[in-house]
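Chain by chain, the residues run as shown.
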Amino acid sequence: MILPIYTYGQPVLRKEAEEIDSSYPELKELIQNMFETNECADGVGLAAPQIGLAIRVVIVDLRSLVEDYPEYADFKRVYINGYIVEDGGETIMMDEGCLSLPGIHEKVPRAEKVRIQYVDEDFVEHDEWVEGFLARVVQHEFDHLEGKVFTDRISSLRRQMNKGKFSALLSGKVRCDYKVKVAKK
Ligand code: NI
């Protein structure tokens, strides 16, 4: 089932998301719905707050990037109760966008690699370093779990440049070709 994506201005995007356990109701369905919703919106990842749930569930699907990154040909992952515990390498600037902020694209500084701890959909624990494009997606999605969006990490000048787009989003004027739940003023 395709779910509406909550856009900038929705309070859930500013909440710190809570951990869940394996008794969380209909978790398998929720994960499936998140993958479908992400795919339908041409995303590479989705965090549960973006579908209105302040819980620590993130899905990442990099299969559409196979042409540029052949190593991601089968890459689909679920990260539950995830945290970034360490970062390393250099700081890299790269263009980002977010399904919750349609129309805004800015260069964002991120660590080259991060060490993450999480459980997968079977609640098996993982502790691993991720790098490359995946490290960027993981940092972006895990930010959502802390109530952050990518534009929190750009300069105030760049934010100012996007002022009109932010106020349009805040007043519910959202143009995109997927289902959304806009903020209401
Ligand atoms: Ni996002």
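See the structure shown above.
Throughout what follows, the structure given in this document is the object of discussion. Note that the structure is a prediction, hence the values are computed from the model and not measured.

Rules and cut-offs
Residues numbered from 1 in each chain as written. Predicted model: local features only at pLDDT ≥ 70, side-chain atom pairs only at ≥ 80, totals over all residues. Heavy atoms only, no water. Donors = N, O, S within 2.8 Å, 3.2 Å for Na, K, Ca; no water. Helix = DSSP H or I, 4+ residues; strand = E, 2+ residues; numbered from the N terminus. Buried < 20%, exposed > 50% of the residue type's maximum accessible area, 1.4 Å probe, protein only. Contact = heavy atoms within 4.5 Å. Pairing = 2+ DSSP bridges. Salt bridge = Lys/Arg side-chain N within 4 Å of Asp/Glu carboxyl O. Phe/Tyr/Trp six-rings, centres within 6.5 Å; stacked < 30°, edge-to-face > 60°. Lys NZ or Arg CZ within 6 Å of the ring centre and 35° of its normal.

Examining the coordination of the nickel ion
- Looking at the nickel ion, one finds its protein donor set to be Cys98 (SG), His140 (NE2) and His144 (NE2), positioned 2.1 to 2.2 Å from the metal centre.
- Here the donor residues of the nickel ion are spaced in sequence according to C-x41-H-x3-H. Of this pair, histidine 140 and histidine 144 both sit in helix H2 (residues 132–145), four residues apart, which is roughly one turn of that helix.
- Residue classification places histidine 144 among the buried residues on the basis of a relative accessible area of 1%.

Overview of the side chain of histidine 140
- Assessed through its relative accessible area of 8%, histidine 140 is described here as buried.
- With residues near it in sequence (within four places) discarded, histidine 140 still touches Glu96, Gly97, Cys98, Arg110 and Phe150.

Here's the deal with the pairing of strand S3 (residues 57–61)
- Of all five residues making up S3, five are buried, and the element is well covered by its neighbours.
- Direction of pairing for strand S2 (residues 45–47) relative to S3: antiparallel, over a ladder of three bridges. If you follow alanine 47 over to S3, its bridge partner there is valine 58.
- Pairing analysis gives five bridges linking S3 to strand S4 (residues 76–96), with the strands arranged antiparallel. Residue pairing in the sheet places aspartate 61 in a bridge with lysine 76 of S4.

Details of the pattern of salt bridges
- Throughout the structure, instances matching the rule amount to 11 salt bridges.
- Arginine 110 is the salt-bridge partner of glutamate 96, the closest N and O atoms lying 2.8 Å from each other. Here the residue glutamate 96 occupies a position in strand S4, and arginine 110 occupies one in strand S5 (residues 106–119), the gap between them amounting to 14 residues. Pair check on accessibility: glutamate 96 and arginine 110 agree, each one buried.
- The structure contains a network of salt bridges with shared partners spanning Glu96, Arg110, Arg136, Asp143 and Arg153.

Quick notes on the packing of aromatic side chains
- Under the defined criterion, the tally for this structure stands at six aromatic pairs.
- With centroids separated by 5.0 Å and ring planes inclined at 45°, the aromatic side chains of tyrosine 8 and phenylalanine 166 adopt a geometry described as tilted. Placement of the pair is tyrosine 8 in the loop between strand S1 (5–6) and helix H1 (27–40) and phenylalanine 166 in helix H4 (residues 163–170), with a sequence separation of 158 residues.
- By relative accessible area, tyrosine 8 is classed as buried at 18%.
- Residue classification places phenylalanine 166 among the buried positions, given a relative accessible area of 9%.
- Through a chain of ring-to-ring contacts, the aromatic side chains of Tyr69, Tyr72, Phe75 and Phe133 assemble into a single cluster.
- For arginine 56, the ring lying beneath its charged end belongs to tyrosine 83, and the centroid distance is 3.9 Å.
- Taking NZ or CZ as reference, lysine 113 lies 5.4 Å from the ring centre of tryptophan 129, over its face.

Considering the environment of lysine 173
- Here lysine 173 lies in the loop between H4 and strand S7 (180–181).
- The class for lysine 173 is exposed, based on a relative accessible area of 60%.
- Distance from lysine 173 to alanine 183, taken between C-alpha atoms, is 8.9 Å for residues 10 residues apart in sequence.

None of the figures reported here should be taken as evidence of function without further support.
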